[in-house]
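Tertiary structure, described
The primary structure of each chain is shown beneath.
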Amino acid sequence: MTEIIRLKEVWKVYKEGEEGQVIALKDVSLHVNEGDFIAVMGPSGSGKSTGMNLIGSLDTPTKGSIFLDKHNISHLSESDLAQVRGRRIGFIFQQFNLIPNLTAKENVTLPMIFQETDEFQREKKAAELLKMVDLKDRMDHYPGELSGGQQQRVAIARALANDPEVILADEPTGNLDSHTGERVMKFLNDLNERGKTIIIVTHDPHLAMEHARKIYWLRDGQIEKVTEKVKGKWVDSHR
Amino acid sequence: MIVDYFNLAFKNLKRRGIRSWLTLIGILIGVAAVVSLISLGNGLKDAVNSQFNIGSTEIISVQAGGVNNYGPPGSGAAKPLTQSDTDAIAKLANVQWAISRNIRNIKIEFNKEVAFTYAASIPDNQNYADHVYETIGEIKPAQGKLIESGDRGVIVIGNNLADGNKNGLGRDIHVGNTLSVNGKDFRVQGILKKTGSILYDNMVTMNEVDMKNLLGYGNQVDIIAVKVIDQKQMNQTINNIEKLMRQRRNVKIGQEDFDVSTPQSMLATVNSIISGIQIFIIIIASISIFVGAIGIANTMTTSVLERRREIGIMKSIGARNEHIFYQFFIEAGLLGLIGGLIGVLLGVAIGYMGTAALNSFIGSTTKPLISFSLIFFTMVGSFLIGAVSGLLPAIKAAHESPVEDIRA
């Protein structure tokens, strides 16, 4: 399988106060192959959100390297990183993070505006994606007029707008009831079956074990273990 | 792409509602003031120009000056001009003719009502009278006939004076009616055509003999109208008149107690005064615009702080720094532009209302001068003022860290 993302000996250290510092990630190495469904698991403060930011090229490491398609993106400028994530990574957040004064359709259109897709294509694609997440009749509704589950589905449609290879979901069901959460996870499973690489960050082991095929277990900024689902059973994996 | 930014910016402004409107007020007031004052000022210049009625450009006016100068030009001079001044000027080179004119305040009574206006003398010499009528091309009879040589006990009145709604006498005056002027009865022998000039529409003309007897100013002359033969030598003639008058009045250069001017020079003076007032008010309006710009900068800075999360979201879905910059920059520009647009509309409305008031006050038919370029440059200027005010907040927004913003 083709490797799509690799974190190599990555450290992330935040400065705190005059001299203090917080080590959020300590010598983390992991890789993601095309078509994987991966979960990054860990309790609060384990460094999973920092990991997600680095994988999603929202942030750069203090030390170590991040490769996307074997290209080192660790030292790219913020604008170049924006370009990378805009084209290749779709984000889904726990808080949905839709722009409140834009309709569902406009929210889905937005990433395409940043990639300078022409208006006709944008409109067509946004309508298709919203139809795919069963929100065809809610296209012109504002986020405030939608339920949590509907908002998360808009966020999924938005994440798919530029047809990225990787979908990065941070606690995608964290703010949803179990039934709605299941529905959202089903969408992610469907996307994975269609070839998208899915990475979810969660603290919920059941969610991770039910949907992912590989889990990176984080604790105190380090990878504690890696497990893989082999023939329906979870087994420790070589990193 | 740029249209999308305008669209996004407009939606954001709409969302911010009352705060956006309040931010606009400074720019709005400034722009309204600039547009209305420029259009009014230009209209006013137009009105003044029309009041001057420069029928003949070869005419030089000579007036006496002085501290006691109330009422019509020259009429209250400390040291008035006299007929002998007129005669002396008439003998100068390049002078075709020089005519003594008197313009004085008078009281008229009609229909048991009293009104105050002014009378202008018409020379008893028919040639001179014709010169006056030719020079001031506006004086034409609408009814009856003009004052002529030998006319006694008769007057010709301006068009507004004939109108009961405008003359303050409560009744229309017709040819043949008798008016009391300073207590003496005169028959109206003519009514002048409407000119749109406050001077001529409210004027009473009478034969200079009648006027001298009625008002008892003896040999005094208020204005000497001088016509030159060769207009190319206008300046030389003015210099000669000034020299002569200095000798006759025994004054030195720089201490003249008289004034020699042409309609053009008087007009230029008035226009420069209006321009001065315009510039002064535009400076004051600029302060308002500056305050407005600070308001926009303040609003945009607050907006960046409030929308950090939104900035983070946009960056996470692929917005580059310049995208964020453009959005805030255009949003600030749009604030300025909307302020400018409303300001222009308000300014135009004030311009029209102002000229309507001016017209009804002085009976002129002026229109505000609103040019496309004035509106265009005001709008572009408003956008730029807004955009420049939003420059620093937009730069700040563009360089926010997506990770920190998304947590905000």
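Here the residue numbering is sequential within each chain, running from 1 through the sequence in written order. Each chain gets a letter, beginning with A, and each ligand a number, beginning with 1, in the order they are written. Per-residue local features are limited, in this predicted model, to residues with pLDDT of at least 70; the limit for side-chain atom pairs, both in listing and counting, is 80 or more; totals at the level of whole chains, interfaces and linings are taken over all residues. Calculation of side-chain values draws on the structure's entire complement of heavy atoms; hydrogens and water are dropped beforehand.

Comments concerning the sheet that holds strand β1 (residues 3-16) of chain A
Residue and element names in this part refer to chain A. The condition is simple: Being paired, for any two strands, means DSSP has found at least two bridges between them. Strands here are runs of E lasting at least two residues and helices are runs of H or I lasting at least four, both read from the DSSP assignment and numbered beginning at the N terminus. Whether two residues touch is decided by their heavy atoms; if any such pair falls within 4.5 Å, the residues are in contact. Where helices are involved, their axes are fitted lines through C-alpha atoms of the stretch in contact, as for all axes, and angles between N-to-C directions lie from 0 to 180°.
With antiparallel pairing, the 4 strands of this open sheet are ordered in space as β2-β1-β4-β5. The open sheet terminates on both sides in strands that have one partner only, identified here as β2 (20-33) and β5 (71-72). Most of the contacts of helix α1 (residues 48-55) go to β1, to which it runs at about 125 degrees, and overall it touches β1, β2 and β4 (63-68).

Description of the interface of chain A and chain B
Think of interface size as the accessible area that goes away when the parts come together; that is how it is often given. Short version of the rule: In what follows, salt bridge is the name for a side-chain nitrogen of Lys or Arg lying within 4 Å of a carboxyl oxygen of Asp or Glu. N or O atoms within 3.5 Å of each other form a polar contact, as long as, within protein, one can give a hydrogen and the other can take it, and as long as residues adjacent in sequence are counted only when both atoms are side-chain atoms. Each residue gets one label: Ala, Val, Leu, Ile, Met, Phe, Trp, Tyr, Cys and Pro are nonpolar, Asp, Glu, Lys and Arg are charged, and the others, such as Gly, are polar.
Across the contact, 29 residues belong to chain A and 23 residues belong to chain B. There are 2 salt bridges connecting chain A and chain B. For Glu106(A), the salt bridge goes to Lys11(B), with nearest N and O atoms at 2.9 Å. Between the two partners, chain A and chain B, sit 8 residue pairs in polar contact (both at pLDDT 80 or more). Elements with a contribution of two residues or more to the side of chain A that touches chain B: α2 (78-88) and α3 (104-114) of chain A. Take the side of chain A that touches chain B: its biggest share by element is 6 residues, from α2(A). Class assignment of the residues belonging to the side of chain A that touches chain B gives a composition of 14 nonpolar, 8 polar and 7 charged.

Side note on the packing of aromatic side chains
We apply this condition: We call Phe, Tyr and Trp rings a pair once their centres come within 6.5 Å, taking the six-membered ring for Trp, and we label the pair stacked below 30 degrees between planes, edge-to-face above 60, and tilted otherwise. In our convention, an over-ring charge means Lys NZ or Arg CZ found within 6 Å of a ring centre and within 35 degrees of that ring's normal.
Under the counting rule described, the total for this entry stands at 7 aromatic pairs over all chains. Here the aromatic cluster, defined as three or more aromatic residues joined through ring pairs, consists of Tyr5(B), Phe325(B), Tyr326(B) and Phe329(B). The ring centre of Trp217(A) lies 4.9 Å from the NZ or CZ of Lys225(A), which sits over that ring.

Some thoughts on unusual backbone geometry
Working note: non-glycine residues mostly have negative phi, and peptide bonds are mostly trans. Residues and elements named next belong to chain A. Even without glycine at this site, Asp69 takes up a positive phi of about 55 degrees. Examined against the element boundaries, Asp69 turns out to sit in the loop between β4 and β5. Despite not being glycine, Glu171 shows a phi value in the positive range, around 45 degrees. Topologically, Glu171 is positioned in the loop between β7 (166-170) and α6 (178-193).

Topic: the environment of Asn33(A)
Residues and elements named next belong to chain A. The line we're drawing: Residue exposure (1.4 Å probe, protein chains only): buried if accessible area is under 20% of the type maximum, exposed if over 50%, otherwise partly exposed.
Along the polypeptide, Asn33 turns up in strand β2. What makes Asn33 buried here is its relative accessible area of 15%. The spatial distance from the C-alpha of Asn33 to the C-alpha of Asp69 is 9.8 Å, given a sequence separation of 36 residues. Setting aside its immediate chain neighbours within four residues, Asn33 contacts Met1, Thr2, Glu3, Ile4 and Thr197.

As for the nonpolar core
Stated precisely, the cut-off is as follows: Nonpolar cores are built from buried Ala, Val, Leu, Ile, Met, Phe, Trp, Tyr and Cys residues. Side-chain atoms within 4.5 Å join them into one set.
By size, the foremost hydrophobic cluster in this structure holds 72 residues, and its most contacted members are Ile5(A), Leu30(A), Leu110(A), Ile199(A), Ile324(B) and Phe328(B). With 10 residues, the single largest contributor to this core is helix α11 (residues 321-362) of chain B. Not counting residues up to four positions away in its chain, the partners in contact with Ile199(A) are Ile5(A), Val32(A), Ile38(A), Val40(A), Ile55(A), Val166(A), Ile167(A), Leu168(A) and Ala169(A). In this structure, Ala159(A), Leu176(A), Ile200(A) and Ala208(A) belong to the second largest nonpolar core, which totals 38 residues.

A closer look at the environment of Asn107(A)
Mapped onto the fold, Asn107(A) is located in helix α3. Asn107(A) sits 19 residues away from Ala126(A) along the chain, and the two C-alpha atoms are 8.8 Å apart.

Structural notes on the confidence of the model for chain B
Quick note on the threshold: Each residue gets a pLDDT score, which is the predictor's confidence in that residue and runs from 0 to 100.
Mean pLDDT over chain B: 85, with 93% of residues reaching 70 or higher. Reported for the predicted complex are a pTM of 0.69 and an ipTM of 0.89.

Describing the environment of Arg152(B)
Residues and elements named next belong to chain B. Among the secondary structure elements, Arg152 is positioned in the loop between β6 (141-144) and β7 (154-157). Overall, the relative accessible area of 39% leaves Arg152 in the partly exposed class. As for Arg152 and Asn207, which are separated by 55 residues in sequence, their C-alpha atoms are 6.7 Å apart. Once you skip the residues sitting within four places of it in the chain, Arg152 turns out to touch Asp124, Asn207, Val209 and Asp210.

Topic: the packing of helix α3 (residues 83-90) of chain B against helix α8 (residues 234-249) of chain B
Residue and element names in this part refer to chain B. Rule in force here: We call two directions roughly parallel when the angle between them is under 35 degrees, roughly antiparallel when it is over 145, roughly perpendicular when it lies between 65 and 115, and oblique otherwise. Here a crossing is called left-handed whenever its near helix is offset anticlockwise from the far helix by less than a right angle, and right-handed whenever the offset is clockwise.
Closest axis-to-axis distance for the α3/α8 pair is 11 Å, and the angle between their directions is 140 degrees. The angle between α3 and α8 places the two elements in the oblique class. α3 and α8 meet at a crossing whose hand is right-handed. Facing Ser84, Asp85, Ala88 and Ile89 of α3, the residues of α8 in contact are Ile241, Leu244, Met245, Arg248 and Arg249. Split into classes, the residues belonging to the contact of α3 with α8 amount to 5 nonpolar, 1 polar and 3 charged.

Notes on the packing of helix α5 (residues 148-159) of chain A against α6(A)
Residues and elements named next belong to chain A. α6 packs onto α5 with a crossing angle of 15 degrees between their chain directions and a minimal axis gap of 9 Å. It follows from the interaxial angle that α5 and α6 lie roughly parallel. Considering only the axes of α5 and α6, their crossing is right-handed. Contact residues: α5 offers Gly149, Gln152, Arg153 and Ile156, while α6 offers Thr180, Arg183, Val184, Phe187 and Leu191. Residues that form the contact of α5 with α6 fall into these classes: 4 nonpolar, 3 polar and 2 charged.

A few points about the sheet that holds strand β1 (residues 59-64) of chain B
All names here are of chain B. Taking strand neighbours across the sheet as the criterion, the 4 strands line up as β3-β12-β1-β13 in an open arrangement whose pairing is antiparallel. Each edge of the open sheet is held by one strand with a lone partner, namely β3 (95-101) and β13 (258-261). Recorded for the sheet is a direction-independent mean angle of 15 degrees between the axes of neighbouring strands. Both β1 and β13 contribute to a ladder of 4 bridges, which runs antiparallel. Considered in β13, the bridge of Val62 is made with Val260. Running at roughly 170 degrees to β3, α3 makes contact with β1, β3 and β12 (223-228) of the sheet. Running over the sheet, helix α4 (residues 126-135) touches β1 and β3 and is turned about 95 degrees from β3.

Examining the pairing of β1(B)
Residues and elements named next belong to chain B. In terms of burial, β1 is largely enclosed, as 6 of its 6 residues are buried. A two-sided burial pattern is seen for β1, the buried positions comprising Ile59, Ser61 and Gln63 on one face and Ile60, Val62 and Ala64 on the other. Direction of pairing for β1 relative to β12: antiparallel, over a ladder of 5 bridges. Residue pairing across strands places Gln63 opposite Ile223, the latter belonging to β12.

Observations regarding the side chain of Asp59(A)
Within the secondary structure, Asp59(A) is located in the loop between α1 and β4. A polar contact of 3.3 Å, which involves the side chain of Asp59(A), links it to the side chain of Lys12(A). The residues touching Asp59(A), leaving out its near neighbours within four places in the chain, are Lys12(A), Tyr14(A), Asn53(A), Leu54(A) and Val403(B).

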